[in-house]
Amino acid sequence: MTTNMELFVKYCIVVCVLQVCQTVAQQTQEDTQTERCTNCCNGIPGIPGIPGSAGLPGSIGQKGDNGEPGLAGLPGEKGAMGEQGMKGSTGKPGPKGDKGDQGLAGQAGVKGKRGIKGDTGSTGGQGVQGQKGEKGQRGQVQHQPRVAFSVARTTSMDRVSSDTVVIYDKVHSNIGNGYNTDSGKFTCPVRGSYIFMTTALRQTSSYSVHVCVMKNTLELSCAYEGSDNGRSASNSVIIDAEQGDEIWVRLNSGYALYSNRHKYTTFTGYLLYPNTD
């Protein structure tokens, strides 16, 4: 910066120059007047004197007009990052955006507990009848074995001293040929469920009738009549039998039975359905 002394020196130089100019101007004016008055007796002008000392500084002049803007300076270096300001208040919610694309399916959640059973709803209306389905293939005909017999005795049996097989001599039916008229026994031709029935008539008032339906050596059911002569006893049973089982009627020891051409004593049986399991 310029010092006060330098300003003062400059000021003095300016004042001296002004004084010299003023002196020259006065001299020029006097010369002009001399030329106009040729009759005057003025002498030759003297040499200009030495300039006087500088006067006191004048008052400060008025403020000048603003100069034109200077050229833009070079960008300064990047300043250090300031401290983080305080968190501002939450702004108002913005407008709702457009619906985004559907996200990927998440993993299945844990299965919840089973809820309480709700009330049974009302029965809905009958639906529209569907179209008639196509005709199915023809099924295979399953042939069930036909097994049945019905036999009767045409003569009486006196009191026996031991258990005795009742042989029926009259065969009404023997489908499948399971009943043997020589042994009096029915042999099951197939495995399955069968029903058997027997009827026996008491002979006299002295001997009761007591018969039993047997499977091999197993007693299945019995019929007894001991109140009076002229009365019959009967019974029936449904059993599961294996192929080859023998079904027959036993007259127990000490008993007798009655029959004649009217066939009061009978034995009947047939296959209900085969068991193929």
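Look up a bit, the structure's there.
Being a predicted model, the structure only gives us computed values, none of them experimental. (Residues numbered from 1 in each chain as written. Predicted model: local features only at pLDDT ≥ 70, side-chain atom pairs only at ≥ 80, totals over all residues. Heavy atoms only, no water.)

**Details of the overall build of the protein chain**
Right, so step 1: When helices and strands are counted, the protein chain shows 1 helix and 10 strands.
Right, so step 2: Along the protein chain, from the amino end to the carboxyl end, the secondary structure elements read α-β-β-β-β-β-β-β-β-β-β.
Right, so step 3: Within the protein chain, buried positions represent 20% of all 277 residues.
Right, so step 4: The contacts in the protein chain between residues at least 6 apart in sequence include a share of 72% that link residues at least 24 apart.
Right, so step 5: Working note: accessible area of the protein chain is about 22900 Å², and carbon and sulfur atoms make up 51% of it. (Helix = DSSP H or I, 4+ residues; strand = E, 2+ residues; numbered from the N terminus. Buried < 20%, exposed > 50% of the residue type's maximum accessible area, 1.4 Å probe, protein only. Contact = heavy atoms within 4.5 Å. Areas by Shrake-Rupley, 256 points an atom, 1.4 Å probe, with all protein chains shown as cover.)

**Structural notes on the pattern of salt bridges**
Pairing is possible between side chains of opposite charge, provided their charged atoms come close.
Right, so step 1: In this structure the tally under the stated criterion is 4 salt bridges.
Right, so step 2: With a closest N to O distance of 3.8 Å, Arg250 and Asp163 form a salt bridge. One end of the pair, Arg250, is in strand S9 (residues 246-251); the other, Asp163, is in the loop between strand S1 (148-153) and strand S2 (164-165), and 87 residues separate them in sequence.
Right, so step 3: Of the residues examined, Arg250 reaches a relative accessible area of 14% and is grouped as buried.
Right, so step 4: With a closest N to O distance of 3.4 Å, Glu242 and Arg191 form a salt bridge. Taken together, the positions of Glu242 in the loop between strand S8 (232-241) and S9 and Arg191 in the loop between strand S4 (186-187) and strand S5 (192-201) put the pair 51 residues apart, joining distant regions of the chain. (Salt bridge = Lys/Arg side-chain N within 4 Å of Asp/Glu carboxyl O.)

**Quick look at the sheet that holds S8**
Where strands meet in a sheet, backbone hydrogen bonds hold them as pairs that are either parallel or antiparallel.
Right, so step 1: With antiparallel pairing, 5 strands are arranged side by side in an open sheet as S3-S1-S10-S5-S8. Among the strands making up the open sheet, the edge pair consists of strand S3 (170-175) and S8. With direction set aside, neighbouring strand axes in the sheet form an average angle of 10 degrees.
Right, so step 2: Of the strand pairs in this sheet, S1 and S3 are connected by 5 bridges, and their pairing is antiparallel. (Pairing = 2+ DSSP bridges. Axes fitted to C-alpha atoms, helices over the stretch in contact; angles between N-to-C directions.)

**Some remarks on the side chain of Asp245**
Right, so step 1: As for its placement among the helices and strands, Asp245 is situated in the loop between S8 and S9.
Right, so step 2: Within the buried set, Asp245 has no salt-bridge partner at all; the shortest N-O distance to an opposite charge, 4.3 Å, is to Lys215.
Right, so step 3: Reaching out from Asp245, the side chain makes a polar contact with the side chain of Asn216 at a distance of 3.3 Å.
Right, so step 4: Leave out the neighbours within four places in its chain, and Asp245 touches Phe186, Thr187, Cys188, Lys215 and Asn216. (Lys, Arg positive; Asp, Glu negative; His and termini not counted. Polar contact = N/O pair within 3.5 Å; in protein donor to acceptor, adjacent residues only side chain to side chain.)

**Some words on the pairing of S9**
Right, so step 1: Here S9 lies mainly inside the structure; 5 of its 6 residues are buried.
Right, so step 2: Across 2 bridges, S2 lies against S9 in antiparallel orientation. Note that in S9 the partner of Val165 across the bridge is Arg250.
Right, so step 3: Two strands pair when backbone bridges link them, and S4 and S9 are joined in this way by 2 bridges, in the antiparallel orientation. For Phe186, the partnering residue across the bridge sits in S9 and is Ile247.
Right, so step 4: Alignment of strand S6 (residues 209-215) against S9, held across 5 bridges, turns out to be antiparallel. Opposite Cys212, over in S9, you have Arg250 as the bridge partner.

**Looking at a nonpolar patch on the surface**
Right, so step 1: Together, Met5, Phe8, Val9, Ile13 and Val17 make up an exposed nonpolar region whose accessible area comes to about 480 Å².
Right, so step 2: Take Val17: it is sitting in helix H1 (residues 4-36). (Patch = residues over 30% accessible without salt bridge, like charges linked within 9 Å, V, L, I, M, F, W, Y side chains within 5 Å.)

**With respect to the side chain of Asn260**
Right, so step 1: Topologically, Asn260 is positioned in the loop between S9 and strand S10 (265-274).
Right, so step 2: Polar contacts involving the side chain of Asn260 include one to the side chain of Tyr258, which spans 3.1 Å.
Right, so step 3: The contacts of Asn260, once residues within four sequence positions are left out, are Arg153, Thr154 and Thr155.

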